[in-house]
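Spelled out from the first residue to the last, the chains are:
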Amino acid sequence: MKTSAVKKQTPSQTIGPYFAYGLTPQQYGYDFDSWVDHDMVKGLNNVETITITGTVYDGNAQPVDDAMIELWQDDGVHKLFGRYGSGTDEGNTFTFKTIKPKSVNGQAPFIHVILFMRGQLLHSYTRIYFADEQQLNETDANLNAVDADRKYTLIAEKKGDSYVFNIHMQGPNETVFFEI
Amino acid sequence: MSITTDSKFDIEVQPPYLDEAYKSTILRAPLQPLVVPKKKDITLSGPLFKDFKLGALDHDLTKNSVKDGEPIGERIVVHGKVTNEHGHPLPHTLIELWQANSAGRYVHKVDQHDAPLDPNFLGTGRCMTDAHGYYKFYTIKPGAYPWGNHPNAWRPNHIHFSLFGGDIASRLITQMYFPGDPLFEHDPIFKAVPPKGRELLVSAFDLSVTEANFALGYRFDIVLRGKNATPFENL
Ligand SMILES: [Fe+2]
């Protein structure tokens, strides 16, 4: 049953440049406890962990040094959340330690990305798919909703035991963002 | 029985990605149209906070980082209700907060504004909504501060809020403003919100929570989008 909304959504506003001591305090060396960080597998034993690294690029192909990246994955077994700011690592990269989610209902496995930064009035959503899931990636309904020549922007490359997922806000390699 | 909301961002009240008056959007807004996912996903869930442990002073920014005295400025109490678009309260919603001190200065290392830091004020905190969707926290009223968007640009006084409802569609980062601020009409971040949405960002003075001889009260209700009732129905 659908019912119509009776209240207007609270409008979004930018995260701005100064979020670090509030949202990612320990990563940036502030004296306040973080409840979440890049390590999404804390407390999990006997799981095969993967690393996902990447860089967020602006329309001039410059690394964004004040983005906040959140990952959420839920394959019915593991519900994992992570958060990292792009202001502390060399090259303004982000890094997450997690596990590769399982395929659910025949879909290609993926991780949701929620992206915030100064200059975004509204956060954006994208997804990380995995290059070594070629077969499922080819038949996945959501990946196939994307123009064939932009699909690659959603697929993390495998390099050794880590995956690389760069995010381009604009330009010829602009990442596909989703309406969620 | 299920209730679903069309969880799109409501363009009547939500700002666009690109708004040239706010200059940083020009190189950071996605320019291609968003892709609409084909199927609803089992993974349209999100982190839940039912068992989340807050620190004892997380909700009191006037106390959670004191070194040798009280923070300087006007003590305030902020409260409100978090609901979904149907008006149903959202319990166990985590709210994270950060703000400038009373002089308009952020603790953040890149804030170069020539205004004093307050050794007794970090300007960050957290609280949770209770079983009825209510939240409340104490802080110091933040000052206005300059920024580089255009000549003589100043941000109106505001507190940054970050919230999680029950699914990732409900994720919200916003800013709470104070009533009657003369800087509203000069602020491209506030004005990027369509006129219908602007008043939703402005708190109201609230005598009912104002504490005698202690702190002025403000009310700020928050409405999260999202479809946390039945994420599975169309699989
Ligand atoms: Fe701010």
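For clarity, every value in this text was computed on a predicted model and none was experimentally measured. For every chain, the first residue of the written sequence is number 1, and numbering continues from 1 along that sequence. Chain A is the first chain written and ligand 1 is the first ligand written, with later ones labelled in order. The model is predicted, so local features are restricted to residues of pLDDT at least 70 and side-chain atom pairs to those at 80 or more, both for listing and for counting; the totals for chains, interfaces and linings are taken over all residues. Processing note: side-chain calculations cover all non-hydrogen atoms of the structure and skip hydrogens and water entirely.

**Student:** Which residues make up the overall build of chain A, and what values do they have?
**Tutor:** On a plain count of helices and strands, chain A comes out with two helices and nine strands. Secondary structure counts use DSSP, requiring at least four H or I residues in a row for a helix and at least two E residues in a row for a strand, with both numbered from the N terminus. Along the chain direction, N to C, the helices and strands of chain A fall in the order α-β-β-β-β-β-β-α-β-β-β. The globule rule is 2.2 Å times the number of residues to the power 0.38, and the radius of gyration it is compared with is taken over C-alpha atoms. What you see for chain A is a C-alpha radius of gyration of 17 Å, in line with the 16 Å of a compact globule of 180 residues. Structurally, chain A occupies a C-alpha span of about 45 × 45 × 40 Å along its principal axes. Evaluated residue by residue, chain A yields a buried proportion of 57% over its 180 residues. Every residue pair with non-hydrogen atoms within 4.5 Å of one another is taken to be in contact. Sequence-distant contacts, at least 24 apart, represent 62% of the contacts inside chain A between residues at least 6 apart. Relative accessibility under 20% of the residue-type maximum defines a buried residue, over 50% an exposed one, and the middle range a partly exposed one, all with a 1.4 Å probe and only protein chains included.

**Student:** Just give me the short version of the sheet that holds strand β8 (residues 172-177) of chain B, but keep the residues and values in it.
**Tutor:** Residues and elements named next belong to chain B. At least two bridges found by DSSP between two strands is the condition for calling them paired. The strand order β3-β2-β7-β8 describes an open sheet built from four strands, whose pairing is antiparallel. Only two strands of the sheet have a single neighbouring strand rather than two, namely β3 (124-128) and β8. Neighbour to neighbour, the strand axes of the sheet diverge by 25 degrees on average, direction disregarded. In this structure, strand β2 (residues 94-99) lies alongside β3, joined through five bridges in antiparallel fashion. Paired with Glu 96 across the two strands is Arg 126, which belongs to β3. Here an axis means a line fitted to C-alpha atoms, over the contact stretch when the element is a helix, while the angle between two N-to-C directions is reported on a 0 to 180 degree scale.

**Student:** Account for the pairing of β8(B), naming residues and giving values.
**Tutor:** Each regular strand displays side chains that alternate between the two surfaces of the sheet. Residue and element names in this part refer to chain B. By the criterion of burial, β8 is predominantly enclosed, with six of the six residues buried. Residue alternation in β8 divides its side chains into two sets, Leu 172, Thr 174 and Met 176 and Ile 173, Gln 175 and Tyr 177, and both sets are buried. As defined by bridge partners, strand β7 (residues 158-164) adjoins β8 across six bridges and the pair is classed as antiparallel. By the bridge assignment for β8, His 158 is matched with Tyr 177.

**Student:** A description of the packing of aromatic side chains should follow, citing residues and the corresponding values.
**Tutor:** The pairing test for Phe, Tyr and Trp rings, Trp by its six-membered ring, is centres within 6.5 Å, and the orientation test on the planes gives stacked under 30 degrees, edge-to-face over 60, and tilted for anything in between. Tallied over the entire structure, the rule returns 28 aromatic pairs over all chains. Measuring from centroid to centroid gives 5.8 Å for Tyr21(A) and Tyr30(A), while their planes differ by 65 degrees, and the two rings are edge-to-face. Each member of the pair, Tyr21(A) together with Tyr30(A), is buried. A connected cluster of aromatic rings, assembled from ring pairs, spans Tyr18(A), Tyr21(A), Tyr30(A), Tyr106(B) and Tyr145(B). Geometrically, a charge over a ring is one whose NZ (Lys) or CZ (Arg) sits within 6 Å of the ring centre while staying within 35 degrees of the ring normal. Cation over ring: Arg225(B) sits above Phe9(B), and NZ or CZ is 3.8 Å from the ring centre.

**Student:** Explain the nonpolar core residue by residue, including any values.
**Tutor:** We call a set of buried residues a nonpolar core when its members are Ala, Val, Leu, Ile, Met, Phe, Trp, Tyr or Cys and they connect through side-chain atoms within 4.5 Å of each other. By size, the foremost hydrophobic cluster in this structure holds 39 residues, and its most contacted members are Ile15(A), Phe19(A) and Trp98(B). For this core, the secondary-structure elements that each account for two or more residues are α1 (20-23), β2 (67-74), β5 (111-117) and β6 (124-130) of chain A together with β2 of chain B. Tallying contributions element by element places α1(A) first for this core, with three residues. Formed by 26 residues, the second largest nonpolar core is a distinct cluster that contains Val56(A), Ala67(A), Leu71(A) and Ile99(A).

**Student:** Describe the pattern of salt bridges, and please don't skip the residues or the numbers.
**Tutor:** Note on definitions: salt bridges are taken to be side-chain nitrogens of Lys or Arg within 4 Å of carboxyl oxygens of Asp or Glu. A complete count under the given rule lists 17 salt bridges over all chains for this structure. Of the charged contacts in the structure, one is a salt bridge between Lys8(A) and Asp10(B), with a shortest N-O distance of 3.0 Å. In this pair, Lys8(A) is assigned in the segment before α1 and Asp10(B) in the segment before β1 (75-84), connecting two distinct chains. As a salt-bridge pair, Arg75(B) and Glu70(B) come within 3.5 Å of each other at their nearest N and O atoms. You can call Glu70(B) exposed: its relative accessible area is 55%. Among the charged side chains, a salt-bridge network with shared partners connects Lys8(A), Asp10(B), Glu12(B) and Lys196(B).

**Student:** Please give an account of the interface of chain B and chain A that cites residues and values.
**Tutor:** Across the contact, 93 residues belong to chain B and 70 residues belong to chain A. Buried surface at the junction of chain B and chain A, summed over both partners, amounts to about 7400 Å²; 58% is from carbon and sulfur atoms. It is Leu27(B), Arg28(B) and Val35(B) in chain B that bury the most area against chain A; as a group they hold 11% of the surface buried on that side. At the boundary of chain B and chain A, one finds five salt bridges. Elements with a minimum of two residues in the side of chain B that touches chain A: β1, β2, β3, β7, β8, α1 (188-191) and β11 (222-224) of chain B. Each residue is assigned to one of three groups, with Ala, Val, Leu, Ile, Met, Phe, Trp, Tyr, Cys and Pro labelled nonpolar, Asp, Glu, Lys and Arg labelled charged, and all others, Gly among them, labelled polar. Taken together, the residues of the side of chain B that touches chain A sort by class into 48 nonpolar, 25 polar and 20 charged. Once two parts are joined, some of their accessible surface, as seen by a 1.4 Å probe, is lost; buried area is that loss totalled over both.

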